[in-house]
Amino acid sequence: MAPKPNSADGRTRSSIQIFIVVGLCCFFYILGAWQRSGFGKGDSIALEMTKRGADCNIVPTLNFETHHAGEVGGVDDSEKPKSFEPCAPRYVDYTPCQDQRRAMTFPRNNMIYRERHCPREDEKLHCLIPAPKGYVTPFPWPKSRDYVPFANAPYKALTVEKAIQNWIQYEGNVFRFPGGGTQFPQGADKYIDQLASVIPITNGTVRTALDTGCGVASWGAYLWSRNVLAMSFAPRDSHEAQVQFALERGVPAVIGVLGTIKMPYPSRAFDMAHCSRCLIPWGANDGMYLKEVDRVLRPGGYWVLSGPPINWRTNYKAWQRPKEELEEEQQKIEDTAKLLCWEKKHEKGEIAIWQKRVNDKSCGGRQDDSQASFCDAGEANDVWLLKLLQCLKLGFKVGTCNVDGYLFSNFIKANRVTTQQSCDPYVRYKKMDQCITPYPDVSSSDEVAGGELKPFPERLFAVPPRVASGSVPGVSVETYQEDNHNWKKHVAAYKKINRLIDTGRYRNILDMNAGLGGFAAALDSPKLWVMNVMPTIAEKDTLGVIFERGLIGIYHDWCEAFSTYPRTYDLIHANGLFSLYKDKCNLEDILLEMDRILRPEGAVIFRDEVDVLIKVKKITAGMRWDTKMVDHEDGPLVPEKILVAVKQYWVVGGNTTSSE
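Criteria and thresholds
Residues numbered from 1 in each chain as written. Predicted model: local features only at pLDDT ≥ 70, side-chain atom pairs only at ≥ 80, totals over all residues. Heavy atoms only, no water. Disulfide = S-S within 2.5 Å. Helix = DSSP H or I, 4+ residues; strand = E, 2+ residues; numbered from the N terminus. Buried < 20%, exposed > 50% of the residue type's maximum accessible area, 1.4 Å probe, protein only. Contact = heavy atoms within 4.5 Å. pLDDT = per-residue confidence, 0-100. Axes fitted to C-alpha atoms, helices over the stretch in contact; angles between N-to-C directions. Parallel < 35°, antiparallel > 145°, perpendicular 65-115°, else oblique. Left-handed = near helix turned anticlockwise from the far one by under 90°. Nonpolar A, V, L, I, M, F, W, Y, C, P; charged D, E, K, R; others polar. Pairing = 2+ DSSP bridges.

As for the state of the cysteines
- Within this structure, the stated rule accounts for six disulfides.
- Between the sulfur atoms of Cys341 and its disulfide partner Cys363 the distance amounts to 1.9 Å. One quick way to see it: the torsion about the S-S bond of Cys341 and Cys363 is about -100°, and its sign makes the bridge left-handed. Here Cys363 lies in the loop between strand S10 (351-356) and helix H12 (386-393) and Cys341 lies in the loop between helix H11 (323-339) and strand S9 (342-348), a separation of 22 residues in the sequence.
- One disulfide bridge connects Cys375 with Cys435, the sulfur atoms lying 2.0 Å from each other. As the torsion about the S-S bond is roughly 105°, the Cys375-Cys435 disulfide counts as right-handed. Residue Cys375 is found in the loop between S10 and H12, and its partner Cys435 is found in the loop between helix H14 (419-422) and helix H15 (465-468); the two are separated by 60 residues along the sequence.

A word on the environment of Ile280
- Structurally, Ile280 can be placed in the loop between strand S7 (270-276) and helix H9 (284-296).
- Among the residues examined, Ile280 registers a relative accessible area of 12% and is labelled buried.
- Along the sequence, Ile280 and Gly213 sit 67 residues apart, while their C-alpha atoms lie 7.9 Å from each other.
- Beyond its immediate chain neighbours, meaning those up to four positions away, Ile280 contacts Thr212, Leu258 and Tyr289.

Some points on the confidence of the model for the chain
- Looking at the chain, pLDDT values average 84 and 79% of them are 70 or higher.
- Confidence drops under a pLDDT of 50 for residues 1-5, and excluding neighbours within four residues, the segment shows zero contacts in the predicted structure.
- Across residues 386-427 the pLDDT falls below 50, and counting only partners more than four positions away or on other chains, this stretch makes 70 contacts in the model.

A few points about the packing of helix H10 (residues 312-319) against H11
- H11 packs onto H10 with a crossing angle of 130° between their chain directions and a minimal axis gap of 9 Å. With respect to each other, H10 and H11 are oriented oblique. In this structure, the crossing between H10 and H11 has a hand that is right-handed. Where H10 approaches H11, its residues Trp312, Tyr316 and Trp319 are matched on the opposing element by Lys323, Leu326, Glu327 and Gln330.
- Across the contact of H10 with H11, the residue classes break down as four nonpolar, one polar and two charged.

Structural notes on the sheet that holds strand S15 (residues 552-556)
- Ordered in space as S15-S14-S13-S16-S17-S19-S18, the seven strands form an open sheet in which the pairing is mixed. Of all strands in the sheet, those bounded by a partner on one side alone are S15 and strand S18 (625-630). Averaged over all neighbouring strand pairs, the angle between strand axes comes to 20°, with direction disregarded.
- In the sheet, strand S16 (residues 569-575) pairs with strand S17 (residues 598-609) via six bridges, with the strands oriented parallel. Counterpart to Ile572 in the pairing with S17 is Val604.
- Sitting on the sheet, helix H20 (residues 587-597) is in contact with strand S13 (508-511), S16, S17, S18 and strand S19 (640-647), with an inclination near 145° to S17.
- Most of the contacts of helix H21 (residues 610-620) go to S17, to which it runs at about 155°, and overall it touches S17, S18 and S19.

Side note on the sheet that holds S7
- Overall, mixed pairing links the seven strands, which are arranged S6-S5-S4-S7-S8-S10-S9 in an open sheet. Each edge of the open sheet carries a strand with a single partner, namely strand S6 (253-255) and S9. Averaged over all pairs of adjacent strands, the angle between strand axes in this sheet comes to 20°, irrespective of strand direction.
- Bridge count for S9 against S10 is six bridges, and the pairing is antiparallel. The residue bridging Trp342 from the neighbouring strand is Lys356, located in S10.

Okay, structure coming up:
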């Protein structure tokens, strides 16, 4: 006979069951509250994607030349997205801030008309820039160095104007670039060999270079094989499409000019600067242009000048210029170089090379020179007036607005504009200084001012001197190393999403919010280069750190158009950019600018908060882009997501590749 159940045991089991049920209820209540709080706001999207069978981590056959549209839960499809129409065919090579018609309304002295002059809000285009008929994906590197499809930049003027200088030749349906230049018609390689007999180009000491007035950038193109990364610039002027040719070749370049405003680079950025018959009047304006080169040249760096006025005694007749004029020009250069405490290392033929001292200990007496006025050390990286303009817009009086030690009344006086004009987009950039940028302090005569750099490629992941010294507030050695670790993980995830990364398909890459340069460093490859952009509104200015890693970059405000031609980049990366610019300017304008500078069938990777990406996805739905939302590599519970996109192929008057 079975014993009677013990009533006390039953009550105990009942109590335990009640306790478990109550505990589970509390747990799911807390979990639900946590998700609603925003920390788990990606979960509903992940759940919806799972229900629909979407793979959140790998997009099959993601070559971004087919269509990869994805559905995402949480997007309101009840409202039809705005559809952007193609711009008129005449805008096929439109550069908003270097528009030729607008440029001609500005003064020509000091190249002011060739500087950035961006459209006002009511002048901006709200359409999609078309590609020219017949446009094709550029050749992969290194073939692209020597050949560019004619249809991509159908301009023959340089083939005639520079025919004897070996710049460019037209051959059937392609342009061929023999590697020549005005100063090196026999080829850039032989010319670089000459420089390398004086400058340590081959051992990693020289990694970053600046080419002023670059032509079609053959100097930078041939430096690539020597592991030197050159930033080339030239104006959009009578030499039609020279920067466009450089970019189609796969060489880093921007539209730019030495005029009256500072170059958009930090101090102590480049290991070498170069001018080959660049037509810049180096001795003019009390050596102001040489002083600006000195600002961006690293202590111990080199400046190369080839062409007039070097060796004027032999060449003045061939140059068809008076020898007195050339003699005076060279003397002004020599005097300014002496004032800057540069050491002349070489002069032979038409090439002269100077080296900047590693510190100012050997520049005795310069402080007492009446011609040597020194800039405020804290203003060495101030190249953009955005902060000052924001200060004025916030209602500060002109006499009291002080940002980064720069009094706004001084800005008004220096730029000769009214307070009303100062808020105009035409006056957003800081004027070039007549003063000399001081060296950072050193404790001994052999110490490199600002810190000594490792040779490349070791410097790519070595701790940069600006980080080691604590010069960047909020960036420590630990945070720098953690950032590197995170970006190696992020880039590994990107390569799983898009298997064409680092295959040669994407040569020209843009990072719109570069931070410490971790994305570019993790992606480093001889098949590609990255333009690292430091937004002028970023909380931390880390562009100097990026250059110290042996990478290149530029300051820019994404409320304005970038200084480049349409269809410049194969791949664009935007990490946290739209959160950064939220309420700063129209996100639609930023996306349209991204579309302008992205090649047909190019790719975009957005990394941001999910609610921001939903807004971005909605706008891109009307831009002839195919998009797909992807989970963070750490899983669906992370609120940061990845949005991948492909720009459809379409040309003037043509159809798109979309299957929709």
